[in-house]
Amino acid sequence: MTQLDNILEFNRQFVADKEYEKYLTDKFPEKKMAIVTCMDTRLVELLPKAMNLRNGDVKLIKNAGALISHPFGSVMRSLLVAIYELHAQEVYIVGHTGCGMASLNSDRMIGSMRERGISEDVLNTLENSGIKLNKWLRGVDNEKEGVIQTVNLVKKHPLLPAGVPVHGMLIDSTTGELEVIVNGYEEQ
């Protein structure tokens, strides 16, 4: 039985037993917050529990490292949708200890791409098209600096409305302890 088969079998029972009823909510975040955090597996349940969040409380945006690397990319667009369309009033950037983006080695990753069949022609075409994979696949020097960089990008965004606090936090991947790196209330 494949992973997909297992998921679908579980889902059929989940729906039949009406397990979804305890998760019913609408699209507007109850706590009027949008959070950008890392896709790390340790945070799937830990982060919401550590922040006292339930289904329907926040708009949760996940990506590698909780980093916004492009001011007009999909993560920033998602934040702006959360603010303008879904009534989020605060933004939280939540990085975590032990983040893989703080140790990301672009050369090693490109080597893995080669090993898994990505041809030199593809890599050269991208490079010659102006896509610098070593820069694009770069991580951060440390987790706190990644949070600060992302908070600054959001705070300085020309489409962020005045008065929206942008907080930066670091969560301990083991204990769930939160450390405030940037208090968005003090920065206004």
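Scroll up for the structure.
This structure is a prediction, so every number in the text was calculated from the model and none was measured. (Residues numbered from 1 in each chain as written. Predicted model: local features only at pLDDT ≥ 70, side-chain atom pairs only at ≥ 80, totals over all residues. Heavy atoms only, no water.)

With that settled, the discussion passes to the overall build of the chain. Counting its regular elements, the chain contains seven helices and five strands. For the chain, the spread of C-alpha atoms along the principal axes amounts to about 55 × 50 × 35 Å. Looking at the chain as a whole, 35% of its 188 residues qualify as buried. Considering only contacts in the chain between residues 6 or more positions apart, those separated by 24 or more positions represent 72%. Considering the chain, the positive charge centre built from 21 side chains and the negative charge centre built from 25 side chains are found 3 Å apart. (Helix = DSSP H or I, 4+ residues; strand = E, 2+ residues; numbered from the N terminus. Buried < 20%, exposed > 50% of the residue type's maximum accessible area, 1.4 Å probe, protein only. Contact = heavy atoms within 4.5 Å. Lys, Arg positive; Asp, Glu negative; His and termini not counted. Charge placed at Lys NZ, Arg CZ, Asp CG, Glu CD.)

The full count for this structure, using the stated rule, is zero disulfides. Unpaired in terms of disulfides, Cys 38 finds its nearest cysteine sulfur in Cys 99, a separation of 4.1 Å. The buried category is assigned to Cys 38, whose relative accessible area is 5%. With a relative accessible area of 8%, Cys 99 lands in the buried category. (Disulfide = S-S within 2.5 Å.)

To continue, consider a nonpolar patch on the surface. There is a patch of nonpolar side chains on the surface, built from Leu 4, Ile 7 and Leu 8 and spanning about 280 Å² of accessible area. Among the secondary structure elements, Leu 8 is positioned in helix α1 (residues 3-16). On the accessibility criterion, Leu 8 (39% relative accessible area) is partly exposed. (Patch = residues over 30% accessible without salt bridge, like charges linked within 9 Å, V, L, I, M, F, W, Y side chains within 5 Å. Areas by Shrake-Rupley, 256 points an atom, 1.4 Å probe, with all protein chains shown as cover. Salt bridge = Lys/Arg side-chain N within 4 Å of Asp/Glu carboxyl O.)

Quick look at helix α4 (residues 106-115) now. Capping the start of α4 is the job of one residue whose side-chain oxygen sits 3.0 Å from the backbone nitrogen of Asp 107: Asn 105. Phi for Gly 117, located one or two positions after α4, is positive at around 105 degrees. (Polar contact = N/O pair within 3.5 Å; in protein donor to acceptor, adjacent residues only side chain to side chain.)

Our focus in this paragraph is the pattern of salt bridges. Per the counting criterion, the structure on display carries seven salt bridges. Of the charged contacts in the structure, one is a salt bridge between Arg 42 and Asp 40, with a shortest N-O distance of 2.8 Å. Glu 120 is the partner of Arg 114 in a salt bridge, and the nearest nitrogen-oxygen pair spans 2.2 Å. Classification of Glu 120 by relative accessible area gives partly exposed; the value is 38%.

Spatial relationships are all this shows, so hold off on functional conclusions.
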